[in-house]
Amino acid sequence: MTDTNLTAILYKKGDIKLEDKPIPEPGPGEVQLCMQQVGICGSDVHYWQHGSIGDFVVKAPMILGHEASALVSKLGEGVTTLKVGDRVAIEPGVPCRTCHYCKSGRYNLCADMKFCATPPYDGNLSRFYVHAADFCFKLPDNVSFEEGALLEPLSVGVHACNRGGVTLGSRVLICGAGPIGLVNLLTARANGASEVCITDIDESRLEVAKTLGATYTLKVTSRDPQEVAKQVENIMGDKAEITIECSGATPSIQTAIYATQSGGCVVLVGLGQADVTMPIVNASVREVDIRGIFRYVNCYPTALAMVASGKVDVKPLITHRFSLEDSIKAFETTLRGEGIKVMIKCAR
Ligand code: NAD
Ligand code: ZN
């Protein structure tokens, strides 16, 4: 352990600095965490490159990072569920706990959500960080800190598959084989999907998808969504029952609808253009449900159980590793689109 608090701060668009900050003290119900592993997410890179995502604008310096695991280093007043030395995964969004959405169990929709590295809230790409104890999940000995950090994107897969109703025997199409498409692939397989077809425009990502258990892959070359849907149908022998769109690309969203069977479901995970033209009449007259997802809700325990039991192996997603000191290099690597998941080791 160290007694300085090196921290990766986004000052403004294009400007990340590493600085020593004071070590934060845990308040009531909180724990101080000695950060271990933080994965870089596309949103971290987007804030760095563009200074905003939709209505979320970086107006003041913000600490980056939200896919994280840590070692508990101090307990705040009243914390009884954790002890110093516990290894934990950090669920990065802490909701208000009292509004209608929180009370009805859909806390991901809470308007007062404080989510790491979504402005104005700081993330945890630092040596020390403080978080609500009840949003820290104790890792069993057989789950590494890297795997603990990957519970964050894996939870997106768990939520998307839940929303789509992926279950035993499901025939699933996943559009986009980035980290989010791949965690959906892992989750769909673990849920018992009998066939998973995954698309991408990038052959190297499809190669990874094959090694992770994709039944079929399709390299998208046509800009015509109906043609791509036809190709999917030819590969799968029929339209998909459930399609999970994980690219955010407009033509891919259109393909998702055309490639889903009547009465099926399209889950929109990818976030691209704010306004997208979709074949909505086609979806309506075929009763194809279109469902959005926002992050995840009550999914960390499931994601952890999947990894701890060996049902899902997230380790192959990690392609690059950097130290906290080299955070900027890590961000540059992600920006270049190299590999899949870039991890930063925060502890010395
Ligand atoms: P990514 O950019 O690494 O992956 C997207 C993949 O889609 C890439 O591999 C890209 O080559 C592929 N692609 C692009 N155009 C395509 C097309 N026409 N057809 C098929 N594939 C195509 O991003 P990621 O980290 O995997 O995240 C995926 C999306 O999920 C992003 O839009 C992100 O914002 C979104 N996301 C949403 C939530 C949510 O809560 N809804 C949570 C996390 C991420
Ligand atoms: Zn709330």
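Residues numbered from 1 in each chain as written. Chains lettered and ligands numbered in written order. Predicted model: local features only at pLDDT ≥ 70, side-chain atom pairs only at ≥ 80, totals over all residues. Heavy atoms only, no water.

## Digging into the overall build of the chain
Consideration 1: Counting its regular elements, the chain contains ten helices and 20 strands.
Consideration 2: Here the C-alpha radius of gyration of the chain, 20 Å, is about what a compact globule of 348 residues would show, namely 20 Å.
Consideration 3: Principal-axis analysis of the C-alpha atoms places the extent of the chain at approximately 60 × 40 × 35 Å.
Consideration 4: For the chain, the accessible surface area stands at approximately 14,900 Å², while carbon and sulfur atoms represent 52% of it.
Consideration 5: The averaged location of the 38 negative side-chain charges in the chain is 1 Å from the averaged location of its 34 positive side-chain charges. (Helix = DSSP H or I, 4+ residues; strand = E, 2+ residues; numbered from the N terminus. Rg over C-alpha atoms; globule rule 2.2 N^0.38 Å. Areas by Shrake-Rupley, 256 points an atom, 1.4 Å probe, with all protein chains shown as cover. Lys, Arg positive; Asp, Glu negative; His and termini not counted. Charge placed at Lys NZ, Arg CZ, Asp CG, Glu CD.)

## What about unusual backbone geometry?
Consideration 1: Put simply, Pro 119 and Pro 120 share a cis peptide bond, and its omega is 10°.
Consideration 2: Looking at the secondary structure, you find Pro 120 in the loop between strand 10 (114-115) and strand 11 (128-132).
Consideration 3: The backbone of Ala 117 shows a phi angle near 60°, a positive value even though the residue is not glycine.
Consideration 4: Looking at the secondary structure, you find Ala 117 in the loop between strand 10 and strand 11.
Consideration 5: Residue classification places Ala 117 among the buried positions, given a relative accessible area of 1%. (Buried < 20%, exposed > 50% of the residue type's maximum accessible area, 1.4 Å probe, protein only.)

## Section: the coordination of the zinc ion (ligand 2)
Consideration 1: Taken together, the protein ligands of the zinc ion (ligand 2) are Cys 96 (SG), Cys 99 (SG), Cys 102 (SG) and Cys 110 (SG), with distances of 2.3 to 2.4 Å.
Consideration 2: For the zinc ion (ligand 2), the four donor atoms in the first shell make angles of 105 to 116° at the metal, so the coordination geometry reads as tetrahedral. (Donors = N, O, S within 2.8 Å, 3.2 Å for Na, K, Ca; no water. Tetrahedral: all angles 85-135°; square planar, octahedral: opposite > 155°, others 65-115°.)

## Concerning helix 6 (residues 225-236)
Consideration 1: For helix 6, with twelve residues, the first-to-last C-alpha span of 16 Å sits near the 16 Å given by 1.5 Å per residue.
Consideration 2: Within helix 6 the residues assigned to the buried category are Pro 225, Val 228, Ala 229, Val 232 and Met 236. Relative to the axis of helix 6, the buried residues are bounded by an arc of 100° and lie together on one face.
Consideration 3: Buried-residue contacts for helix 6 involve strand 13 (171-175), strand 14 (195-200), strand 15 (216-219), strand 16 (240-245) and helix 7 (250-258).
Consideration 4: Its side-chain oxygen at 2.9 Å from the backbone nitrogen of Gln 226, Asp 224 defines the N-terminal cap of helix 6.
Consideration 5: Gly 237 lies just past helix 6 and shows a positive phi near 85°. (Expected span 1.5 Å × (residues − 1). Arc of directions from axis to C-beta. Contact = heavy atoms within 4.5 Å. Polar contact = N/O pair within 3.5 Å; in protein donor to acceptor, adjacent residues only side chain to side chain.)

## A look at the site of ligand 1
Consideration 1: Every one of the 20 residues lining ligand 1 counts as a neighbour, but Asp 200, Arg 205, Val 269, Leu 271 and Arg 295 are closest to it.
Consideration 2: In this structure, an oxygen atom belonging to ligand 1 sits 3.2 Å away from a main-chain N or O atom of Pro 179.
Consideration 3: Within the contact set of ligand 1, a nitrogen atom lies 3.0 Å away from a backbone nitrogen or oxygen of Ile 293.
Consideration 4: Its free accessible area being 860 Å², ligand 1 has 77% of it covered by the protein chains.
Consideration 5: Among the residues making up the shell around ligand 1, the classes are represented as eleven nonpolar, six polar and three charged. (Near = heavy atom within 4 Å. Nonpolar A, V, L, I, M, F, W, Y, C, P; charged D, E, K, R; others polar.)

## So, the sheet that holds strand 15
Consideration 1: Taken in spatial order, the six strands line up as 15-14-13-16-17-18 in an open sheet, and their pairing is parallel. Each edge of the sheet is formed by a strand with only one pairing partner; in this case those strands are strand 15 and strand 18 (289-292). Direction aside, the axes of adjacent strands within the sheet are offset by 15° on average.
Consideration 2: Sitting on the sheet, helix 6 is in contact with strand 13, strand 14, strand 15 and strand 16, with an inclination near 155° to strand 15. (Pairing = 2+ DSSP bridges. Axes fitted to C-alpha atoms, helices over the stretch in contact; angles between N-to-C directions.)

## Here's the deal with the sheet that holds strand 6 (residues 62-63)
Consideration 1: Spatially, three strands are ordered 2-1-6 in an open sheet, and the strand pairing comes out antiparallel. Single-partner strands in this sheet number two, and they are strand 2 (15-20) and strand 6.
Consideration 2: Pairing of strand 1 (residues 6-12) with strand 6, which is carried by two bridges, proceeds in the antiparallel orientation. Following the sheet pairing, Leu 10 is matched in strand 6 by Met 62.

## What to know about the nonpolar core
Consideration 1: Core analysis: the largest hydrophobic core is formed by 61 residues, its most contacted members being Leu 151, Leu 154, Leu 182 and Ile 244.
Consideration 2: There are two domains that each give this core at least three residues, and those are domain 1 (5-138 + 314-345) and domain 2 (160-292).
Consideration 3: When residues no more than four places from it in sequence are discounted, the contact partners of Leu 182 are Ala 177, Ile 198, Val 208, Ala 209, Leu 212, Leu 317 and Ile 340.
Consideration 4: Membership of the second largest hydrophobic core comes to 35 residues, among which are Ala 8, Val 31, Leu 82 and Cys 116. (Core = buried A, V, L, I, M, F, W, Y, C linked by side-chain atoms within 4.5 Å. Domains from an automatic or database assignment.)

## Here's the deal with a nonpolar patch on the surface
Consideration 1: Taken together, the side chains of Ile 280, Val 281, Val 285 and Ile 290 make up a nonpolar region of the molecular surface, amounting to roughly 360 Å² of accessible area.
Consideration 2: Ranked by the residues each element gives to the nonpolar patch, the list is headed by helix 8 (residues 280-285), at three residues.
Consideration 3: Among the structural elements, Ile 280 can be located in helix 8. (Patch = residues over 30% accessible without salt bridge, like charges linked within 9 Å, V, L, I, M, F, W, Y side chains within 5 Å. Salt bridge = Lys/Arg side-chain N within 4 Å of Asp/Glu carboxyl O.)

## A look at the UniProt feature "domain: Enoyl reductase (ER)" (unreviewed entry) in the chain
Consideration 1: The UniProt feature table records "domain: Enoyl reductase (ER)" (unreviewed entry) at residues 14-344.
Consideration 2: Note that residues 14-344 is 30% helix and 27% strand, and that its end C-alpha atoms are spaced 19 Å apart. (UniProt positions renumbered as here; feature names shortened; annotations may be inferred.)

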